[in-house]
Amino acid sequence: MVLEVIIGPMFSGKTTELIRLIEREVFAKKKGAIFKPSLDRRYSEKEVVTHNGLRYKAYQVLPSRGGVRRLEKIATEKGIDAVGVDEIQFFPEELVEVLDRLSFTKKVIACGLNLSFRAEPFRTTMELTVRADKVTYLSAVCVRCGREATRTQRLISGKPAPKDSPLFVVGGKELYEPRCRLCYEPPK
Ligand code: ADP
Ligand code: MG
Ligand code: ZN
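Residues numbered from 1 in each chain as written. Chains lettered and ligands numbered in written order. Predicted model: local features only at pLDDT ≥ 70, side-chain atom pairs only at ≥ 80, totals over all residues. Heavy atoms only, no water.

Draft legend 1. Representation of the sheet that holds strand β2 (residues 32-37) in the model. Strand order in this open sheet of 6 strands is β5-β2-β6-β7-β1-β8, and the pairing throughout is parallel. Where the open sheet ends on each side, the last strands, each with one partner, are β5 (59-61) and β8 (134-137). Going from strand to strand, the sheet's axes swing by 20° on average, the running direction of each strand aside. Across 7 bridges, strand β1 (residues 2-8) lies against strand β7 (residues 107-113) in parallel orientation. Note on β7: the bridge partner recorded for Leu3 is Val108. (Pairing = 2+ DSSP bridges. Helix = DSSP H or I, 4+ residues; strand = E, 2+ residues; numbered from the N terminus. Axes fitted to C-alpha atoms, helices over the stretch in contact; angles between N-to-C directions.)

Draft legend 2. Region of interest: the packing of helix α3 (residues 94-102) against helix α4 (residues 123-131). Where α3 meets α4, the closest approach of the two axes is 9 Å, and the angle between their N-to-C directions is 25°. One element, α3, and the other, α4, form an angle in the roughly parallel class. The handedness of the crossing between α3 and α4 is right-handed. Contacts from Leu95, Val96, Leu99 and Asp100 of α3 reach α4 at Thr124, Glu127, Leu128 and Arg131. (Parallel < 35°, antiparallel > 145°, perpendicular 65-115°, else oblique. Left-handed = near helix turned anticlockwise from the far one by under 90°. Contact = heavy atoms within 4.5 Å.)

Draft legend 3. Broad picture of the site of ligand 1. The full set close to ligand 1 counts 15 residues, and Lys14, Thr15, Thr16, His51 and Val141 are the nearest of them. In the model, an oxygen atom of ligand 1 is placed 2.9 Å from a nitrogen or oxygen of the Phe11 main chain. Here Lys14 contributes a side-chain N or O atom positioned 2.8 Å from an oxygen atom of ligand 1. For ligand 1, the protein covers 77% of the area, taking 580 Å² as the surface of the free molecule. Put simply, the parts of the chain that give the shell around ligand 1 at least two residues each are α1 (14-27) and β9 (140-141). No other element matches α1, which puts 3 residues into the shell around ligand 1. (Near = heavy atom within 4 Å. Polar contact = N/O pair within 3.5 Å; in protein donor to acceptor, adjacent residues only side chain to side chain. Areas by Shrake-Rupley, 256 points an atom, 1.4 Å probe, with all protein chains shown as cover.)

Everything listed here is a matter of coordinates, which is why it stays silent on function.
Listed below in C-alpha cells is the structure:
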C-alpha cells in the first residue's frame with residue numbers, strides 16, 4: 001500500500017530504522033520480512049546487523065535479476081505484509097519495478113546508500129527515491145567536524161580512495177567514514 005525509502009550515508013542509521021519499522025509491523029500482527037543482497041557478508045549471513053550490533057533475521061537474495069525475482073516470489077508466496085529491503089544500491093534496476101509493484105498490496109520499506117564514495121548517486125536508490133510515497137533522509141555525524149554527514153568517504157590506508165577504484169567494496173569503519181560536504185575529499 002505504500003513505498004517508503006530510507007537513504008543516507010554509511011553509519012546514518014538506515015538499517016537500525018529499517019529494523020525498527022519492520023519490528024513495529026510485527027507487533028501489529030503483520031507478517032514482516034527483511035531482504036538483503038547476499039554479497040554483503042560484513043557481519044552475518046542470514047541477518048542484517050547494524051554498526052552498533054543490533055540484529056534481525058533476513059532473507060539473502062543475489063543482487064541480480066534472478067535475485068530480485070526470488071525476492072518477489074518469497075514476498076508474494078509467503079504473504080509478507082511488510083517487505084524491508086536493505087542495501088538497495090547493490091541491486092540492479094529491476095528492483096525498482098518489482099518494489100513498485102509490490103507496494104500496491106504491501107508496505108515496502110527500502111533503504112540504501114544515497115551516494116557512492118565518488119559522491120555520485122546510485123541509480124537504483126535514485127529511481128526508488130523519486131517513486132516513493134515517503135522518503136526519510138538520514139545523516140550521520142561527520143567524523144572530522146561533528147556536523148551532519150551526508151557523504152561516505154572511502155579510505156585506503158587513511159587516504160581517499162582513487163576515483164578509478166571499484167564502485168562496490170564491502171567494508172566497515174576500517175574502510176569508510178561518514179563526512180559532511182566540507183570535510184569530504186573528492187577522489188582524484
Ligand atoms: P547504516 O545502516 O546507515 O550504515 P546502522 O543502522 O548500521 O547505519 O548504524 C547506525 C549506528 O552507527 C548509530 O546508531 C551509531 O551507533 C553508529 N555510529 C558509528 N559511527 C557513527 C557516526 N559517525 N555517526 C552516526 N552514527 C555512528
Ligand atoms: Mg546499513
Ligand atoms: Zn565535517
